[in-house]
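# Summary of the model geometry
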Amino acid sequence: MRIIAGQFGSRKLLSVGKLRLRPTSDRLRETLFNVLGPMIEGALFVDVFAGTGAVGIEALSRGAREAVFIESHPATLALLGKNLKRLGIGRGAEVLAVDAKRGLESLAAQHRVADFVFLDPPYEESGEYERVLDFLDDSHLLAPISRVIVEHASRHELPDRLTRLERTRLLEQGDAALSFYQLVLAA
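Residues numbered from 1 in each chain as written. Predicted model: local features only at pLDDT ≥ 70, side-chain atom pairs only at ≥ 80, totals over all residues. Heavy atoms only, no water.

### Looking at the packing of aromatic side chains
For the coordinates displayed, the defined rule picks out 2 aromatic pairs. Residues F45 and F116 carry aromatic rings whose centres are separated by 6.1 Å and whose planes lie at 35° to one another, so their mutual orientation is tilted. Here F45, found in strand β1 (residues 44-48), pairs with F116, found in strand β4 (residues 114-119); they are 71 residues apart in sequence, far enough to count as distant. Taking the relative accessible area as the measure of exposure, F45 reaches 0% and is therefore buried. (Phe/Tyr/Trp six-rings, centres within 6.5 Å; stacked < 30°, edge-to-face > 60°. Helix = DSSP H or I, 4+ residues; strand = E, 2+ residues; numbered from the N terminus. Buried < 20%, exposed > 50% of the residue type's maximum accessible area, 1.4 Å probe, protein only.)

Rendered as structure tokens:
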């Protein structure tokens, strides 16, 4: 696993070893950041269920001003910390060692507004998708220009629309998919 482009391009990350993780593939990460393009520059990027940190680190590498990594599993947190240290990333990276909803609640309580929220819960924990999307749908963590990107198994159906969030794009790549959501502007 490596960083695709930007400041840390081609640098390798420590892999998961015996941990039960399914990191976002290099190919899918490249597709994601090709879609986001220059919008990532100067953004606040929130990597929920961060795992190795590959997605948030890629965002920093490509010019995000800050990445917040939310991860609760102790062994995974240690791996994430090693990857940040290995690349010399200190400023601009914040690690919240809590579950997804608690981490997002903390950011919302600080009146922070995320430009991008990337969700990649373990595929087998399907209830986490709805739980976190429901929170974001009702949260002030998002602005009209914010994007929520959800990585999921292509066979896993996510809602096209919640109350305020609407899926604007679905990209499938092998057995993985990316669903892009934005706030619906009131008419």
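We are not done yet, so read on.
### A word on the pattern of salt bridges
Applying the stated criterion across every chain, the model contains 8 salt bridges. The partner of E58 in a salt bridge is R62, and the shortest N-O contact between them spans 2.8 Å. As far as burial versus exposure is concerned, E58 and R62 are alike and both buried. The residue R167 makes a salt bridge to D160 at a minimum N-O spacing of 2.5 Å. Judged by relative accessible area, which is 52%, D160 ranks as exposed. The network of salt bridges with common partners includes R29, E58 and R62. (Salt bridge = Lys/Arg side-chain N within 4 Å of Asp/Glu carboxyl O.)

### Considerations on the environment of F45
Along the chain, F45 and A67 lie 22 residues apart, while their C-alpha atoms are 4.7 Å from each other. Excluding anything up to four places from it in sequence, F45 contacts F33, L36, I40, V55, G56, A59, A64, E66, A67, V68, F116 and F118. (Contact = heavy atoms within 4.5 Å.)

### A short note on helix α3 (residues 74-86)
In a regular helix each residue adds 1.5 Å, so 13 residues correspond to 18 Å; α3 covers 18 Å between its end C-alpha atoms and thus fits that length. Phi turns positive one or two residues past the end of α3, at G88, with a value near 70°. (Expected span 1.5 Å × (residues − 1).)

### Here we look at the environment of P121
Tracing the backbone through its elements, the reader meets P121 in the loop between β4 and α5 (126-137). By relative accessible area, P121 is classed as buried at 1%. Along the sequence, P121 and V132 sit 11 residues apart, while their C-alpha atoms lie 9.6 Å from each other.

Keep in mind that these numbers describe shape and distance, not what the molecule does.
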